[in-house]
Amino acid sequence: MRARIGEPLSIAEAARDLGVSERTLQRTVTRTLGCSPIRLVQNLRVEQAEHLLRTTALPLAAVARRVGYESPGPLRTLLRDRRGLSARHLRG
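Residues numbered from 1 in each chain as written. Predicted model: local features only at pLDDT ≥ 70, side-chain atom pairs only at ≥ 80, totals over all residues. Heavy atoms only, no water.

On to the environment of Thr55. Tracing the sequence through the fold places Thr55 in helix 3 (residues 37–55). On a C-alpha basis, the gap between Thr55 and Ser71 in space is 20 Å, while along the polypeptide they are 16 residues apart. Separated by 2.7 Å, the side chain of Thr55 and the backbone oxygen of His51 make a polar contact. (Helix = DSSP H or I, 4+ residues; strand = E, 2+ residues; numbered from the N terminus. Polar contact = N/O pair within 3.5 Å; in protein donor to acceptor, adjacent residues only side chain to side chain.)

Ranked by internal contacts, the top residues of the largest apolar core, which has 17 residues, are Leu53, Val63, Val67, Tyr69, Leu75 and Leu79. Of all elements in the fold, only helix 3, helix 4 (60–66), helix 5 (72–83) and helix 6 (87–91) reach the threshold of two or more residues within this core. Look past the residues within four positions of Leu53 in its chain and what remains in contact with it is Leu60, Val63, Leu79, Ala87, Leu90 and Arg91. Residues Ile5, Leu25, Cys35 and Leu40 belong to the second largest nonpolar core, which totals 8 residues. (Core = buried A, V, L, I, M, F, W, Y, C linked by side-chain atoms within 4.5 Å. Buried < 20%, exposed > 50% of the residue type's maximum accessible area, 1.4 Å probe, protein only. Contact = heavy atoms within 4.5 Å.)

In the structure shown here, the tally under the stated rule is 7 salt bridges. Across the pair Glu47 and Arg2 runs a salt bridge, and its minimum N-O distance is 2.4 Å. With Glu47 in helix 3 and Arg2 in the segment before helix 1 (11–18), this residue pair connects regions lying 45 residues apart in the sequence. Judged by relative accessible area, Glu47 falls into the partly exposed class, the value being 37%. (Salt bridge = Lys/Arg side-chain N within 4 Å of Asp/Glu carboxyl O.)

What follows deals with the layout of surface pockets. Here the largest pocket defines a volume of roughly 340 Å³. The wall of the largest pocket is formed by 14 residues, among which Met1, Arg4, Leu9, Ser10 and Ala14 lie closest to the centre. Looking at which element gives the most residues to the lining of the largest pocket, the answer is helix 1, with 4 residues. Within the lining of the largest pocket, the residues separate by chemical class into 8 nonpolar, 1 polar and 5 charged. (1 Å grid on protein atoms, 1.4 Å probe; cavity = no way out; pocket = protein on both sides within 12 Å on 5 of 7 lines; lining within 4 Å. Points joined across faces, edges and corners; volume = space filled by probe spheres on them. Nonpolar A, V, L, I, M, F, W, Y, C, P; charged D, E, K, R; others polar.)

Here's what the structure looks like:
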């Protein structure tokens, strides 16, 4: 997942790549990691975005694209809701 973080998310494709059904993938990820596959990918995207914001001068829009979002709005919301931080705070 980390290697393909900037690509669109498809649970069906991920399940197919792993040779399991979508439901099996969802149950296994939830049981093992305590979150849905979508939530897992969102968490990984937020983690990578935090790293990029702290270590590069890339604009938020570029960071958002690198981690799989077409615009910075969803990333901005996730950073605020999951981390309680703004992009500006992460750069500071």
